[in-house]
Each structure stands twice: as C-alpha cells, then as structure tokens.
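Chain by chain, the residues run as shown.
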Amino acid sequence: MIFKVYVQESKNQIPVRERTKALYLEADSKIEVYRKFKETPYLVEHIQELEGNYLEYEKQSKNFKLMEI
C-alpha cells in the first residue's frame, strides 16, 4: 500500500501548519509506517492510505516520489 504521511521536519519544535511536509511511503500498514519513522527526526502528524482514484491523482503531482526509509 502507498501512504501519504504528513510530517514536521523536527520532533523538537512545536508543529506549525505552514511547515508541514507530505511524504509518500510504501508499507503494509499504518503501524509499519510509524515504526519506519520512529528512528528519524520527523514528527508524524497524520498518515493517509492512498488507493484508487486518489492514488492516481497523487501520482500526477510533481511532488510524488516514494521515499525509502
């Protein structure tokens, strides 16, 4: 499955909406996504599973690139 993960770049700063980034990741479940981000400096705000038409729409974005962790 493909997930869109909304993150802040630092766990040590207060989350600010304007600094939220969207990253794309392939994983088997949301729990696996959380585990992959555990040892990174990112603060996970929200995880959204992408499928069907929404996934196809996101793939057309210039920012769509699967991340490796």
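Since the structure is predicted, the reported quantities are computational estimates derived from the model, not experimental observations.

**Focus: the sheet that holds strand β3 (residues 43-50)**
By way of backbone hydrogen bonds, the strands of a sheet pair with one another, either parallel or antiparallel.
And step 1. Judged by pairing direction, the sheet is mixed, and its four strands sit side by side in the order β3-β1-β2-β4 without closing on themselves. Here the strands that pair on one side only, and so sit at the sheet edges, are β3 and β4 (66-67).
And step 2. Here two bridges tie strand β2 (residues 21-26) to β4, and the two strands are oriented parallel to one another. Its bridge partner being in β4, Tyr24 is matched across the sheet by Leu66.
And step 3. Across the sheet, helix α2 (residues 52-59) touches β1 (2-8), β2 and β3, and the angle it forms with β3 is around 115°.

**Side note on the pairing of β1**
And step 1. Among the seven residues that make up β1, six are buried, leaving the element largely enclosed by the rest of the structure.
And step 2. Two elements, β1 and β2, share six bridges in a ladder whose sense is antiparallel. Pairing of Val5 across the sheet is with Leu23, part of β2.
And step 3. Both β1 and β3 contribute to a ladder of seven bridges, which runs antiparallel. Looking at the pairing, Val7 lines up with Val44 of β3.

**Examining the pattern of salt bridges**
For side chains bearing opposite charge, pairing can occur when the charged atoms are close.
And step 1. Applying the stated criterion to the full structure yields three salt bridges.
And step 2. Glu32 serves as the salt-bridge partner of Lys36, at 3.5 Å between the closest nitrogen and oxygen. Of this pair, Lys36 and Glu32 both sit in helix α1 (residues 30-37), four residues apart, roughly one helical turn.
And step 3. According to the relative accessible area criterion, Lys36 is partly exposed, its value standing at 25%.
And step 4. You can call Glu32 partly exposed: its relative accessible area is 22%.
And step 5. For Glu56, the salt bridge is made with Lys59, and the minimal N-O distance between the two is 4.0 Å.

**A short note on the confidence of the model for the protein chain**
And step 1. The share of residues in the protein chain with pLDDT of 70 or more is 100%, and the mean pLDDT across the chain is 94.
And step 2. Highest mean pLDDT in the protein chain belongs to β1 (97); lowest belongs to β4 (93).

**Digging into the side chain of Glu58**
And step 1. Relative to the assigned elements, Glu58 resides in helix α2.
And step 2. Side chain to side chain, Glu58 and Lys4 meet in a polar contact 3.2 Å long.
And step 3. Apart from residues no more than four positions distant in its own chain, Glu58 is found in contact with Lys4, Tyr24, Leu50 and Phe64.

Conventions adopted
Residues numbered from 1 in each chain as written. Predicted model: local features only at pLDDT ≥ 70, side-chain atom pairs only at ≥ 80, totals over all residues. Heavy atoms only, no water. Pairing = 2+ DSSP bridges. Helix = DSSP H or I, 4+ residues; strand = E, 2+ residues; numbered from the N terminus. Contact = heavy atoms within 4.5 Å. Axes fitted to C-alpha atoms, helices over the stretch in contact; angles between N-to-C directions. Buried < 20%, exposed > 50% of the residue type's maximum accessible area, 1.4 Å probe, protein only. Salt bridge = Lys/Arg side-chain N within 4 Å of Asp/Glu carboxyl O. pLDDT = per-residue confidence, 0-100. Polar contact = N/O pair within 3.5 Å; in protein donor to acceptor, adjacent residues only side chain to side chain.

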